[in-house]
Amino acid sequence: LKMSSFWLYLPLHLFTATCLCYSIKAPTTSSQQSFKSNLFNFYHSLILADGKETTIHLLKDIAKRYYFVLEEGRTLAPFSITVTPCDVPIEWSILVYKPPPGKAAPGDHDTQEVSKSHKASSMVSTIFNYKGNSVETYMGMSSHSALYLLEFLSTERDTHITVYLTTDTTSGHLYPELPGDPRIDVIGIGHTTVTLAWKHSPSVLQHREGIQYCLLVNEKHNYKSLCAAETAIRSSGMKLPATLALSLSPYLLEPQQVMILSNSELSIINKVSSGEVRQVCMGTKNTYTVPNLSPSTQYYFDVFIVNLLTNASAAYTGTFARTLEEPEPKVTELKDGKVIHVVLDGKKQKFYSLQYQARHKKIHFTFQLCQGQIRVHITRNGKTVASENLSGLRYFSLKGKLLDTYSVQLRSTEESNSSVKVLASPHFHKPLFPLLPESLKIKSFSKLRTCRSVTIAWLGTQEESKYCVYRKRIEEDQIWRELQSADRCSGPESRHKSEKVLCKYFYDLNLQRAVTTETIKGLEAGTIYLFDVYLFGPSGIPVRYHSKVVKTRKKC
């Protein structure tokens, strides 16, 4: 049967629709040249490409139709069609058109046959239809005397899909292959972590270069395709490039995005209204522990196998898991006049609770921040009475009733270790901590700096106290570490004896004059020194001033 006579049996309205719709794969034999010219030059605009992924935009309630025929010369030809909805569910179907039996005469232009509707209807049959938002693939065998129509419809809203037609079902695949069991296994759940594992894709085992796994984490739902995930993030108000970062395409991040690259893993966190959407590409590893999750929160996990050369991807069956609830913090009893040193691990234990039962109406809490950043929250009988970030030495004087129950919750606000000393006492007139000056900063005088000496100054108080000065020679690359790791609660007992410069007593009833200076001599030229001052109160508990770094002059 010649294709020119085949078209003769199509109903007139279908022939007209063909010219107005989008694609047809043209016959390529020389006998069809006249057939091409009869299609009024619409032919090349109607081709559904073989072996290429095509993006199709659908308007709500308006069907789109694509046509294709296979190469002539084969009685049976295998083909496959993969349709990927990128947003809402769609309806799509495959219809096949075949000429009536016995009408195979080439060049027959019997127009009476075209007008007979009962014969025309016998030419059309539906071989596949689907409604949903899953990625679906149809595989079939075609006769060269058949023409196929693909019809797509979105009834919810405007959307887009991708369609991939191929007649080469043996030599290769556009999409990476999924394993026989494409499920994602949850093999570990913590308070802030979830560990996942999945079976290797055959594509990874065959072609390691250009193939990698990418993980999507969100708090809303699973996504059945990579383009569906891209559409969801984009619809949340973010401007994303045509290809999501899962393909590692370089682009400038939006303000709502954070990119993290560590241990050969690329992580991108998108800040969207429904929570964070994380994308992590981890190469060819098929296990991954998702860090920094929130406790007692349900997360959805999708793994995609991505071909970086073609940007094509295939989705594993998504899964979900709920992180464990935050463990109840240990409650430690505070006793009158007893100092408790609390150390918080920012990664494992971020909370610490203390409890105190008042035996007096007036209660005084003292907090000395030693390291890191800590927020304190104090409640009395369940009602908040104080809440703030700690800095240096902080006093809270509270008035209540006898036997009131005070709860103190300490929370680390950073991932590094934090520590604080806590004291509860009804006797504020006998504090264990020394009276503090307005500032704990040490000042150095640049004009008084020489090759062999440095002059520093610090504030004192109206109370006679003991001050001890220590120095330490350091290298330039040690400055940041020394300043960040300094324990402001540690005393001189942690220092080497050779670092001690002097100790002195002083005070002044006039706070404007409560300033002391000291010139430290015997230093080396062009050398960096770290200076510390310790203040001792009546109880002997030290308070460390903020460390000061000074470099002596190189030439004098």
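The written sequence of each chain sets the order in which its residues are numbered from 1. Totals for whole chains, interfaces and linings use all residues, but because this is a predicted model, local features are given only for residues with pLDDT of at least 70 and pairs of side-chain atoms are given and counted only at 80 or more. Processing note: side-chain calculations cover all non-hydrogen atoms of the structure and skip hydrogens and water entirely.

Going by the annotation in an unreviewed UniProt entry, the name recorded for the chain is Protein NDNF, with Loxia curvirostra given as the source organism. UniProt positions are given in the numbering used here, feature names are shortened, and annotations may be inferred rather than shown by experiment. Per UniProt, the chain carries the Subcellular location (unreviewed entry) text "Secreted".

*Asks:* Which parts of the structure should I look at to understand the overall build of the chain?
*Replies:* Helix and strand definitions follow DSSP, with helices as H or I runs of at least four residues and strands as E runs of at least two, each counted in order from the N terminus. When you go through the chain residue by residue, the secondary structure sums to eight helices and 35 strands. Any pair of residues with heavy atoms lying within 4.5 Å of one another is described as a contacting pair. Here the analysis covers contacts within the chain between residues at least 6 apart in sequence; of these, 75% occur between residues at least 24 apart. Accessible surface area values rest on a Shrake-Rupley calculation with a 1.4 Å probe, where residue burial reflects the displayed protein chains alone. Summed over its atoms, the accessible surface of the chain is roughly 28800 Å², and 51% of this surface lies on carbon and sulfur atoms.

*Asks:* It is not clear to me how the pattern of salt bridges should be interpreted in this structure. Could you clarify?
*Replies:* Any two side chains of opposite charge can pair, on the condition that their charged atoms come close. Counted as salt bridges are all cases of a side-chain nitrogen of Lys or Arg within 4 Å of a carboxyl oxygen of Asp or Glu. Counted according to the given criterion, the structure contains 13 salt bridges. A salt bridge links D87 to R157; its shortest N-O distance comes to 3.0 Å. Taken as a pair, D87 in the loop between β3 (77–85) and β4 (90–97) and R157 in the loop between β7 (147–153) and β8 (159–166) lie far apart in primary sequence, 70 residues in all. Burial classification: accessible surface area is computed with a 1.4 Å probe over protein chains only, and a residue below 20% of its type maximum counts as buried, one above 50% as exposed, and the rest as partly exposed. Given the relative accessible area of 41%, R157 is considered partly exposed. Here E482 ties to K472 by a salt bridge, and the two come within 3.0 Å at their closest N and O atoms. In this pair, E482 is assigned in helix α8 (residues 479–485) and K472 in strand β30 (residues 465–474), connecting sequence segments 10 residues apart. On the basis of relative accessible area, E482 is assigned to the buried category, the value being 16%.

*Asks:* How do you make sense of the packing of aromatic side chains when you look at a structure like this?
*Replies:* For any pair of aromatic rings, geometry is given as the distance between the ring centres together with the angle between the planes. Pairing of aromatic side chains requires ring centres within 6.5 Å, counting the rings of Phe and Tyr and the six-membered ring of Trp. Pairs whose planes differ by under 30 degrees are stacked, by over 60 edge-to-face, and all others tilted. Going through the model one piece at a time under the given rule, you end up with 20 aromatic pairs. Ring centres of Y66 and F152 lie 6.3 Å apart, and the angle between their planes is 70°; on these two criteria the pair is classed as edge-to-face. On the criterion of sequence distance, the pair formed by Y66 in strand β2 (residues 64–68) and F152 in strand β7 is long-range, its members being 86 residues apart. Owing to a relative accessible area of 1%, F152 belongs among the buried residues under this scheme.

*Asks:* Teacher, can you tell me more about the environment of L149 here?
*Replies:* On the secondary structure map, L149 appears in strand β7. The class of L149 is buried, set by a relative accessible area of 2%. L149 sits 23 residues away from T126 along the chain, and the two C-alpha atoms are 9.3 Å apart. In this structure L149 touches R65, Y66, Y67, S93, I94, L95 and Y97, once residues within four positions along its chain are discounted.

*Asks:* Help me out: how do you make sense of a nonpolar patch on the surface in this one?
*Replies:* Where nonpolar side chains cluster on the molecular surface, the patch consists of V186, I189 and L324 and spans about 210 Å² of accessible area. Tracing the backbone shows V186 in strand β9 (residues 184–189). Patch definition: residues above 30% relative accessible area lacking any salt bridge, with like charges linked at up to 9 Å and the nonpolar side chains Val, Leu, Ile, Met, Phe, Trp and Tyr linked at up to 5 Å.

*Asks:* Could you clarify how one ought to interpret the side chain of K64 in this entry?
*Replies:* If you trace the backbone, K64 turns up in strand β2. Within this scheme the basic residues Lys and Arg register as positive and the acidic residues Asp and Glu register as negative, but His and the chain ends are omitted. It turns out K64 is buried and unbridged, and the closest side chain with the opposite charge, D158, is 10.0 Å from it. A polar atom in the side chain of K64 sits 2.7 Å from the backbone oxygen of H57. Whenever two N or O atoms come within 3.5 Å, that pair is a polar contact, provided that in protein one can donate a hydrogen and the other can accept it, and provided that, for residues adjacent in sequence, both atoms are side-chain atoms.

*Asks:* What's the story with the pairing of β4 in this structure? I'm lost.
*Replies:* One face of the sheet, then the other: side chains in a regular strand alternate in exactly this way. Within β4, seven of the eight residues are buried, which leaves it mostly tucked inside the rest of the structure. Note on pairing: two strands pair once DSSP finds at least 2 bridges between them. Sheet analysis places β4 next to strand β5 (residues 124–132), joined by eight bridges and oriented antiparallel. The partner of I90 across the bridge, within β5, is G132. As paired strands, β4 and β7 are joined by seven bridges and run antiparallel to one another. From the neighbouring strand, W92 faces β7, where its bridge partner is F152.

*Asks:* Even after reading the chapter, I still don't get the state of the cysteines, so can you show me in this structure?
*Replies:* Should the sulfur atoms of two cysteines be covalently bonded, the bond is a disulfide. In this description, a disulfide is simply a cysteine sulfur pair whose atoms lie within 2.5 Å. Following the criterion strictly, the structure yields five disulfides and no others. Two residues share a disulfide in this structure: C214 and C281, whose sulfurs sit 2.1 Å from each other. For the disulfide bridge between C214 and C281, the dihedral angle about the S-S bond is near 105°, and by the sign convention the bridge is right-handed. Pair noted here: C214 is in strand β11 (residues 211–218) and C281 is in strand β14 (residues 275–281), with a separation of 67 residues, a long-range link. Paired through a disulfide, C370 and C489 show a sulfur-sulfur distance of 1.7 Å. Its S-S torsion of about -85° marks the bond between C370 and C489 as left-handed, since a negative value means left-handed. Here C489 lies in the loop between α8 and β31 (500–506) and C370 lies in strand β22 (residues 362–371), a separation of 119 residues in the sequence. For the residue pair C370 and C489, the accessibility class agrees, reading buried in each case. In the chain, the cysteines engaged in disulfides, taken in order along the sequence, are linked 1-3, 2-4, 5-8, 6-10, 7-9.

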